[in-house]
Amino acid sequence: MFCYQCQEAAKGIGCTIKGACGKTSDVANLQDTLLFVLKGISILNTQLKEVGQGDKAANKVVFDGLFATITNANFDHTAFVIRIKKALKFRDELKGKVAAAGLLIGDHDSLHWTAASGEEFEAKSKEVGILSEVNEDVRSLKELIIYGLKGLAAYAEHAYNLKHEKQEIFDFMMEALAKTTQDLPVNELIGLTLETGKFGVDVMALLDAANTSAYGNPEVSKVNIGVRNNPAILISGHDLRDMEDLLKQAEGTGVDVYTHSEMLPANYYPEFKKYSCLAGNYGNAWWKQKEEFESFNGPILFTTNCIVPPMEKATYKDRIYTTGASGLTGAIHIPDRKEGEMKDFSAIIEHAKKCAAPTQIEEGEIVGGFAHNQVFELAEPIVEAVKTGAIRKFFVMAGCDGRMMSRDYYEEFAAKLPKDTVILTAGCAKYRYNKLPLGDIGGIPRVIDAGQCNDSYSLAVVALKLKEIFGLDDVNELPIAYNIAWYEQKAVIVLLALLHLGVKNIHLGPTLPAFLSPNVAKVLVENFGIAGITNPDKDIKLFLEEA
Ligand code: FS2
Ligand code: SF4
């Protein structure tokens, strides 16, 4: 195996024996081979699309496959073997359609290779894995594009589950994936990287529309972080449609539902607040699950990535359920919903009834729900506070949390920020400071949480609105600094989206991606002012000195 797609890549180079995330080499190899077959499908369907015969079924095969390979999404060997078999079958059907359309089938290996067993699938990864591209700059750009596409695919899947889709997004996803099989010059790959960012904005806007049209605009909310006395289910990941189905089925059964990690923002949506079984948020960011799932006592539902494979001795091993693109060997996988129906969560609800209520680990409330609509309603006092100097600067600290010690930086950074600054956040990075007593500025909280990682889109919309209100020409003239923490590939698409929107001087940490070659990193530094982090005191001084 060789994998360097996330921030935990071993030694800052890449994982070669086993992932720090828990991914075993067999699963890593199968993921490489699945990606290879998805490239073949993308080539064929792009050909069909060009003659107006694109197959819509390809959309889901590709976005779901890409999503399954995101860090911490799916650790299930068998699930990947099945996915590859299905993908090969689907690819061959597309080949038939390409031939029937009178088009030539190219000679890329992803169009012709075939095999039937898991062993053969694994063996193929040696030829088609990341290192098969020998030029390190080309490899770096191609992988940057692919990781952006993985994030895009995840967001597209959530929107799709809410019946929001845009064929242009799927078309781009496949066109770009197909192009990664070609010998393209570096400047074209850079162009494709930036274009990926454009579609990143589009997909986040699509998901925003899907979420808000289904569940209302998030509103300022106090979320309980203590516990009640009922047995309960903990729901993690990002999929709001799964959240809805679970709440509907749990309501009135005596079983409560708590959110974990990236599902916390579900508590901000008016439609979800109507359910009395929604009891609040339990615990912190994804990486704390080993302790928090023990004390939760009830079953846990993973709707997407955010899985940490449990230790052998973990007591919660038999309480894990997965659904959608997520998977874990030994966990119970809840199948997709049938057209017009809900997913069937009855097994997990029945399981919960036999469990003890959660053990309290915290008490109190946290405040969130500052997505763009809510912020616009509060725009007047915010703009006034900027004009009077009560707010000196905003710090976008969106992104990811993770288990590396070096991430203590973000807690320290937030705690040390001067009291006339406000943190704008989205994603699980917030858990580093959303429980700190940072206070408010004239009633405006010093931590403004827009929601999940994809709600970084909300922060961009707010920035663009402020630019308009202050009559500025450039979003970079606003008193906003960007100190973003990244972990996995959704953060990659968020970053590319921000670059597309013209945001400059983003600081990225706790380390720069291992997949950026020195030359590619140089391009990002020179053209976009991307930088790393040092220590909180030095960085705060630097940010405050910037215009
Ligand atoms: Fe947390 Fe980062 Fe959200 Fe992940 S915000 S680790 O991209 O999908 O979650
Ligand atoms: Fe390593 Fe990250 Fe890849 Fe897991 S996802 S194998 S931790 S680089």
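Residues numbered from 1 in each chain as written. Chains lettered and ligands numbered in written order. Predicted model: local features only at pLDDT ≥ 70, side-chain atom pairs only at ≥ 80, totals over all residues. Heavy atoms only, no water.

Okay, the overall build of the protein next. Each helix and strand in the protein was counted, giving 18 helices and 15 strands. Taking 2.2 N^0.38 as the reference for a compact globule, 547 residues should give roughly 24 Å; the C-alpha atoms of the protein span a radius of gyration of 23 Å, in line with that estimate. Expressed along its principal axes, the backbone C-alpha trace of the protein runs to roughly 65 × 60 × 45 Å. Every one of the 547 residues in the protein was classed for burial, and the buried ones make up 61%. Residue pairs at least 24 apart in sequence account for 75% of intrachain contacts in the protein once pairs closer than 6 positions are excluded. Roughly 20,600 Å² of accessible area belongs to the protein as shown, and the carbon and sulfur atoms make up 54% of that amount. Measuring between centres, the 57 positive side-chain charges of the protein sit 2 Å from its 72 negative side-chain charges. (Helix = DSSP H or I, 4+ residues; strand = E, 2+ residues; numbered from the N terminus. Rg over C-alpha atoms; globule rule 2.2 N^0.38 Å. Buried < 20%, exposed > 50% of the residue type's maximum accessible area, 1.4 Å probe, protein only. Contact = heavy atoms within 4.5 Å. Areas by Shrake-Rupley, 256 points an atom, 1.4 Å probe, with all protein chains shown as cover. Lys, Arg positive; Asp, Glu negative; His and termini not counted. Charge placed at Lys NZ, Arg CZ, Asp CG, Glu CD.)

Moving on, we come to the side chain of His-158. If you trace the backbone, His-158 turns up in helix α5 (residues 136-161). Looking at His-158, the relative accessible area reads 4%, which means it is buried. Of the polar contacts made by the side chain of His-158, one reaches the side chain of Asp-239; its length is 2.9 Å. Contacts of His-158, omitting those with residues within four sequence positions, involve Phe-67, Leu-207, His-238, Asp-239, Thr-304 and Lys-490. (Polar contact = N/O pair within 3.5 Å; in protein donor to acceptor, adjacent residues only side chain to side chain.)

With that settled, the discussion passes to the site of ligand 1. Around ligand 1, the surrounding shell consists of His-238, Glu-262, Trp-286, Asn-305, Gly-399, Cys-400, Gly-427, Cys-428, Cys-453, Glu-488, Lys-490 and Ala-491. At 2.8 Å, a side-chain N or O of His-238 approaches an oxygen atom of ligand 1. Separating an oxygen atom of ligand 1 from a side-chain N or O atom of Glu-262 is a distance of 3.4 Å. By residue class, the composition of the shell around ligand 1 is 5 nonpolar, 4 polar and 3 charged. Summarising the domain contributions, the shell around ligand 1 has at least three residues from each of domain 2 (221-353) and domain 3 (375-545). (Near = heavy atom within 4 Å. Nonpolar A, V, L, I, M, F, W, Y, C, P; charged D, E, K, R; others polar. Domains from an automatic or database assignment.)

Scanning all chains against the criterion turns up 33 salt bridges. One salt bridge connects Arg-432 with Asp-401, and the closest N-O pair in it is separated by 2.7 Å. Of the two residues, Arg-432 is situated in the loop between β10 (421-425) and β11 (440-441) and Asp-401 in the loop between β9 (393-396) and α14 (408-416); the sequence distance between them amounts to 31 residues. As far as burial versus exposure is concerned, Arg-432 and Asp-401 are alike and both buried. (Salt bridge = Lys/Arg side-chain N within 4 Å of Asp/Glu carboxyl O.)

Below, the discussion takes up a nonpolar patch on the surface. On the surface, Val-220, Val-367 and Leu-378 cluster together into a nonpolar patch covering about 200 Å² of accessible area. Tracing the sequence through the fold places Val-367 in strand β8 (residues 365-368). (Patch = residues over 30% accessible without salt bridge, like charges linked within 9 Å, V, L, I, M, F, W, Y side chains within 5 Å.)

Our focus in this paragraph is the side chain of Asn-72. Within the element layout of this structure, Asn-72 appears in the loop between α2 (57-68) and α3 (77-100). Beyond its immediate sequence surroundings of up to four residues, Asn-72 is in contact with Cys-21, Trp-286, Asn-305, Cys-306, Ile-307 and Tyr-487.

Attention now moves to helix α11 (residues 346-353). Given 3.6 residues per helical turn, the α-helix brings residues three or four places apart onto the same face. For α11, the set of buried residues is Ile-348, Ile-349, His-351 and Ala-352. In a view along the axis of α11, the buried residues occupy a sector of 160°, so they form one face of it. Of the surrounding elements, those touching the buried residues of α11 are β2 (232-236), α8 (240-250), β5 (300-302) and β6 (320-323). (Arc of directions from axis to C-beta.)

Turning to the site of ligand 2, a few remarks are in order. Looking at ligand 2, the residues that line it are Met-1, Cys-3, Tyr-4, Gln-5, Cys-6, Ala-9, Cys-15, Gly-19, Ala-20, Cys-21, Lys-23 and Thr-71. Classifying every residue of the shell around ligand 2 gives 8 nonpolar, 3 polar and 1 charged.

For the rest of this paragraph, the subject is the domain arrangement of the protein. For the protein, the domain assignment lists domain 1 (10-214), domain 2 (221-353) and domain 3 (375-545). One C-alpha centre belongs to domain 2, the other to domain 3, and the line joining them spans 29 Å. Each partner contributes to the interface: domain 2 provides 21 residues, whereas domain 3 provides 18 residues. Counting the surface lost from both domain 2 and domain 3, the interface buries some 1,500 Å², and carbon and sulfur atoms represent 52% of this. It is Glu-262, Trp-286 and Trp-287 that lose the most area in domain 2 upon contact with domain 3, and together they represent 40% of the buried surface on that side. Our count for the contact surface shared by domain 2 and domain 3 stands at 14 residue pairs in polar contact (both at pLDDT 80 or more). Of the residues belonging to the side of domain 2 that touches domain 3, the class tally is 11 nonpolar, 9 polar and 1 charged. (Buried area = accessible area lost by both parts, 1.4 Å probe.)

A word on the sheet that holds strand β15 (residues 507-509). Taken in spatial order, the 5 strands line up as β13-β10-β9-β14-β15 in an open sheet, and their pairing is parallel. Each end of this open sheet is capped by a strand with a single partner; those strands are β13 (447-449) and β15. Along the sheet, successive strands turn relative to each other by an average axial angle of 20°, direction set aside. Pairing analysis gives 3 bridges linking strand β14 (residues 480-485) to β15, with the strands arranged parallel. Bridge pairing in β15 places Ala-485 opposite Gly-509. Across the sheet, helix α18 (residues 536-545) lies against β9, β10, β14 and β15, angled at about 125° from β9, the strand it touches most. (Pairing = 2+ DSSP bridges. Axes fitted to C-alpha atoms, helices over the stretch in contact; angles between N-to-C directions.)

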